[in-house]
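Here's the letter readout for the chains.
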Amino acid sequence: MGAFKVCFLILACNLLLNLPVLSQLHDYTWVLGYAGGSLSPDRDTFGLSILNFENEQLSITDNQIGEVDFLSNNVSYSDSNGQLQFYFNGKGVYGPDHELASGGENWFTGNFSLGWDEPQAGIALPFPQSDNLSVLIDSEAEFISIDGIPELISPKLFYSLISQEGEYEVEVILRKELLLEDTLDFGKLSACRPANGR
């Protein structure tokens, strides 16, 4: 076997065996649904659904405790082990115990009553070189008039720093700092990590 083939085989084996180590699992747990708790009538099927993709298998858990209402805005964030760290619906930041995080209440401050409820209006990303910090980036929609025509935009993009020290100790340690002020199309926040990991 030639030297090139041996090097290629060693490289391929290293990459395949280390893929699980390289993955970050920040999207392994999703929280979806309407609302449970006092917001859900007795004996109904409403409530939160928790989707977990651990070990590449989907498991769905019904949760009637959490009272979060997800209409369109939905951010779920897991730690590097795939365990739910927090979730966000545009109105508040909630911990894995389905309670409001410290500093996560009364999030929406805009003038348009449903300005918190826009699809893809938030995204959570890991904070560089930290196991317990993450960044929440979100926007709020507002109506403006462009040439006499009402348009729905997101005039501001905010960032917040979320910390989780213990299993349920979630805290917003930096809240809604202005990241960008411009005439942005509402929603449509997304991110990707380049193949080179930077």
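Check the entry above for the structure.
To start, this report covers the structure provided alongside it. (Residues numbered from 1 in each chain as written. Predicted model: local features only at pLDDT ≥ 70, side-chain atom pairs only at ≥ 80, totals over all residues. Heavy atoms only, no water.)

1. So, the overall build of the chain
The following threshold applies: In this text, helices come from DSSP runs of H or I with a minimum length of four residues, and strands from runs of E with a minimum of two, each type numbered from the N-terminal end. Throughout, exposure labels follow a simple rule: accessible area from a 1.4 Å probe, protein chains only, divided by the maximum for the residue type, with under 20% read as buried, over 50% as exposed, and the rest as partly exposed. Any two residues whose heavy atoms approach within 4.5 Å at even a single point are treated as in contact.
If you tally the helices and strands in the chain, you get 1 helix and 11 strands. When its helices and strands are written in sequence order, the chain yields α-β-β-β-β-β-β-β-β-β-β-β. For the chain, the residues scored as buried account for 37% of the 198 residues in total. Excluding contacts between residues fewer than 6 apart, the proportion of contacts in the chain whose partners are at least 24 apart in sequence is 52%.

2. Brief notes about the nonpolar core
Cut-off, in case you're wondering: Within this scheme, the nonpolar core is defined by two criteria: the residues are buried Ala, Val, Leu, Ile, Met, Phe, Trp, Tyr or Cys, and they are joined through side-chain atoms within 4.5 Å.
Counting residues in each nonpolar core, the largest one holds 12 residues, listed as Val75, Tyr77, Phe86, Phe88, Val93, Ala101, Trp107, Ala124, Leu136, Ile162, Val170 and Val172. For this core, the elements supplying multiple residues, two or more each, are strand S4 (75–78), strand S5 (84–88) and strand S11 (170–185). In contact with Ala124, other than residues within four places in its own chain, are Val75, Tyr77, Phe86, Val135 and Leu136. Core analysis: the second largest hydrophobic core is formed by 8 residues, Leu48, Ile50, Phe70 and Tyr94 among them.

3. Overview of the layout of surface pockets
Keep this limit in mind: Only protein atoms enter the calculation, which uses a 1 Å grid: trapped sets of points that fit a 1.4 Å probe without letting it out are cavities, open sets showing protein on both sides within 12 Å along at least five of seven lines are pockets, and any residue with an atom within 4 Å of a point is a lining residue. Grid points are joined across faces, edges and corners, and a volume is the space filled by probe spheres set on the points. By the convention adopted, Pro, Cys, Tyr, Trp, Phe, Met, Ile, Leu, Val and Ala count as nonpolar, Lys, Arg, Asp and Glu as charged, and the other residues, Gly among them, as polar.
In this structure, the second largest pocket occupies an estimated 260 Å³ of space. Those elements that place two or more of their residues in the lining of the second largest pocket are strand S2 (48–52) and strand S3 (59–63). Residue composition of the lining of the second largest pocket, grouped by class: 4 nonpolar, 7 polar and 2 charged.

4. A word on the sheet that holds S2
This is how the line gets drawn: Strands qualify as paired when DSSP identifies two bridges or more between them. Throughout, an axis means a line fitted to C-alpha atoms (over the contacting stretch in the case of helices), and angles, computed between N-to-C directions, take values from 0 to 180 degrees.
The strand order across the open sheet formed by 3 strands is S1-S2-S3, and the pairing between neighbours is antiparallel. Of all the strands in the sheet, just strand S1 (29–33) and S3 have a single pairing partner and so form its edges. Across the sheet, the mean angle from the axis of one strand to that of its neighbour is 25°, orientation sign disregarded. One ladder, built from 5 bridges, connects S2 with S3; its direction is antiparallel. Note on S3: the bridge partner recorded for Asn52 is Ser59.

5. Some details on the pairing of strand S10 (residues 149–164)
Pairing of strand S8 (residues 133–139) with S10 involves 7 bridges; the strand directions are antiparallel. Within S10, the residue paired with Ser134 across the bridge is Ile162. Inspection of the sheet shows strand S9 (residues 142–146) paired to S10 by 5 bridges, in the antiparallel sense. Residue pairing for S10: Ile144 is matched across the bridge by Glu151. Between S9 and S10, which pair antiparallel and follow one another directly, the connecting turn spans 2 residues, one of which, Asp147, has a positive phi of 55°.

6. Here's the deal with the pattern of salt bridges
Our working rule: We define a salt bridge as a side-chain nitrogen of Lys or Arg found within 4 Å of a carboxyl oxygen belonging to Asp or Glu.
Taken as a whole, this structure holds 2 salt bridges when the rule is applied. Here Lys188 ties to Asp185 by a salt bridge, and the two come within 3.0 Å at their closest N and O atoms. Taking the relative accessible area as the measure of exposure, Lys188 reaches 51% and is therefore exposed.

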